[in-house]
Amino acid sequence: MEGVTDAPMRALQGTNGAFTFAVSEFLRVAHLPISRTSLLRHVPELRSGCRTPTGLPVQVQLLGGDAGLMAESAVTAVSLGATAIDLNFGCPAPTVNRHDGGATLLRFPHRIREIVGAVRAAVPANVPVSAKMRLGWDHVDAIFENASMAAEGGAAWITIHARTRTQGYAPPVYWPLIGQVRKQLRIPVVANGDIRTVEEFRRCRDETGCRHFMLGRGALADPNLAARVATDLGLAEPRPASTIDWPAQLRQLMEWTPNGASYGLAKRWKQWLRIAAAYGTFTRFDEIKRATCPLELLSILDETIRDECLRDIPRSSF
Ligand SMILES: Cc1cc2nc3c(=O)[nH]c(=O)nc-3n(C[C@H](O)[C@H](O)[C@H](O)COP(=O)(O)O)c2cc1C
């Protein structure tokens with residue numbers, strides 16, 4: 001998730017051992033194929049077998065409307081060690097859509113087939129190519145054709161966020177449509193959208209009939225959610241309920257952040273904690289929302305951290 005699930009956050013989400021894989025933030029392919037430098041910067045896991053330091057496999061997500069450039073970018077990613085490529089047909093951001101990327105492609109189903117097909121043909125057969133999409137641009141029924149086109153192009157699976165682009169993040173989320181697409185296709189369909197509790201997960205499972213699920217904001221807001229869902233799926237042993245130690249989580253993130261800290265980091269943390277406040281149990285967003293650097297943010301939540309940060313982090317970082 002762009003702006004939040006960077007490498008440190010992926011590592012943190014990997015600590016619970018509950019996820020099968022994580023997907024990188026989208027990497028935008030605009031006028032040129034994505035460079036090796038950019039890939040390595042955004043997906044540093046490429047240097048370590050495409051896994052987080054906590055062992056979670058990471059896939060590279062590409063976004064763009066030019067099939068040739070997307071294919072070239074995927075080849076570069078694979079040459080660096082990418083083990084799976086996900087293609088983004090869901091991003092609703094106006095700037096992205098104006099530049100022929102993300103959800104805008106949902107208006108041109110044949111282009112989805114072309115892009116998936118070009119990437120599929122360009123990378124080795126053992127590297128799965130998947131597609132992530134919304135239901136449509138402005139009508140939900142578009143999912144049937146778009147999902148078929150992605151499958152025809154060779155997608156190994158499709159992840160569906162059950163909203164249209166014009167909906168943004170507004171309710172409702174149309175889980176039953178995911179179920180209809182699942183029945184129509186012969187490839188796995190991953191259900192996504194508004195799974196924030198185990199109860200919502202169960203409703204989503206019942207309404208979609210899916211066996212695969214993607215957790216977004218719910219997992220960010222409640223770092224224990226993935227483990228509880230995995231337990232409910234029979235994939236993990238039940239664990240005792242635990243409260244979330246937010247400062248400890250931030251310290252973990254800091255540990256996995258190269259060079260300790262930066263101003264951009266505070267922005268990312270706030271993006272995360274905003275989601276945690278909206279969907280989870282983080283109650284102190286108002287206190288930290290004006291923090292301009294990680295140290296300030298940390299010290300608001302835990303004064304003991306302030307001393308540690310002052311000791312451990314190079315002053316130049318701030
Ligand atoms: C801040 C933010 C950034 C996102 N960035 C991406 C992205 O880079 N790639 C992607 O496929 N989806 C992205 N999404 C969409 C999510 O993957 C997901 O489809 C959506 O949030 C619905 O699922 P959820 O209710 O579990 O969060 C983003 C969503 C948010 C809120």
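Keep in mind the model is a prediction, meaning the values are calculated, not measured.

1. Describing the site of the ligand
Thinking step 1. Near the ligand lie 19 residues; those nearest to it are Met1, Glu2, His161, Gly216 and Arg217.
Thinking step 2. Elements represented by at least two residues in the shell around the ligand include exactly β1 (22-28) and α9 (217-221).
Thinking step 3. Taken together, the residues of the shell around the ligand sort by class into five nonpolar, nine polar and five charged.

2. Focus: the nonpolar core
Thinking step 1. Core analysis: the largest hydrophobic core is formed by 95 residues, its most contacted members being Ile85 and Val119.
Thinking step 2. Broken down by element, this core gets its largest block of residues, seven residues, from helix α12 (residues 263-279).
Thinking step 3. When residues of this core are assigned to domains, at least three fall in each of domain 1 (20-214) and domain 2 (246-317).
Thinking step 4. When residues no more than four places from it in sequence are discounted, the contact partners of Val119 are Met70, Ala71, Ala74, Ile85, Leu87 and Val129.

3. Concerning the pairing of strand β2 (residues 58-63)
On any regular strand, side chains alternate: one points to one face of the sheet, the next to the other face.
Thinking step 1. For β2, a buried count of six out of six residues is recorded, marking the element as mostly surrounded by other parts of the structure.
Thinking step 2. Here β2 shows two buried faces, one formed by Val58, Val60 and Leu62 and the other by Gln59, Gln61 and Leu63.
Thinking step 3. Where β1 lies against β2, five bridges are found, and the strand directions are parallel. Paired with Arg28 across the bridge in β2 is Leu63.
Thinking step 4. Pairing geometry for β2 and strand β3 (residues 85-89), over three bridges, is parallel. Following the sheet pairing, Val60 is matched in β3 by Ile85.

4. Quick word on the packing of helix α1 (residues 7-14) against helix α11 (residues 246-255)
Thinking step 1. Running from N to C, α1 and α11 point in directions that differ by 125 degrees, and their axes come no closer than 8 Å. Taken as axis vectors, α1 and α11 run oblique relative to one another. Pair α1 / α11 crosses with right-handed handedness. Contacts between α1 and α11 involve Pro8, Met9 and Leu12 from the former and Gln249, Gln252 and Leu253 from the latter.

5. Details of the sheet that holds β3
Note: strands within a sheet are paired through backbone hydrogen bonds, in either parallel or antiparallel orientation.
Thinking step 1. Read across the sheet, seven strands follow the order β1-β2-β3-β4-β5-β6-β7 without closing on themselves; strand pairing throughout is parallel. At either end of the open sheet lies a strand with only one pairing partner, and these are β1 and β7 (212-214). Along the sheet, successive strands turn relative to each other by an average axial angle of 30 degrees, direction set aside.
Thinking step 2. Against the sheet, helix α3 (residues 67-79) engages β2 and β3, with an angle of about 160 degrees to β2.

6. Considerations on the environment of Val190
Thinking step 1. Relative to the helices and strands, Val190 resides in strand β6 (residues 189-192).
Thinking step 2. When the C-alpha atoms of Val190 and Ile160 are compared, they prove to be 6.2 Å apart, with 30 residues separating the residues in sequence.
Thinking step 3. Beyond its immediate sequence surroundings of up to four residues, Val190 is in contact with Trp157, Ile158, Thr159, Cys210, His212, Phe213 and Met214.

7. Remarks on the domain arrangement of the chain
Thinking step 1. Split by domain assignment, the chain resolves into domain 1 (20-214) and domain 2 (246-317).
Thinking step 2. Between domain 1 and domain 2, the C-alpha centre-to-centre distance is 30 Å.

Each value, and the rule that gives it
- Residues numbered from 1 in each chain as written.
- Predicted model: local features only at pLDDT ≥ 70, side-chain atom pairs only at ≥ 80, totals over all residues.
- Near = placed C-beta within 6 Å.
- Helix = DSSP H or I, 4+ residues; strand = E, 2+ residues; numbered from the N terminus.
- Nonpolar A, V, L, I, M, F, W, Y, C, P; charged D, E, K, R; others polar.
- Core = buried A, V, L, I, M, F, W, Y, C linked by C-beta atoms within 7 Å.
- Buried ≥ 20, exposed ≤ 12 C-beta atoms within 10 Å, placed from the backbone.
- Domains from an automatic or database assignment.
- Contact = placed C-beta atoms within 7 Å.
- Pairing = 2+ DSSP bridges.
- Axes fitted to C-alpha atoms, helices over the stretch in contact; angles between N-to-C directions.
- Parallel < 35°, antiparallel > 145°, perpendicular 65-115°, else oblique.
- Left-handed = near helix turned anticlockwise from the far one by under 90°.

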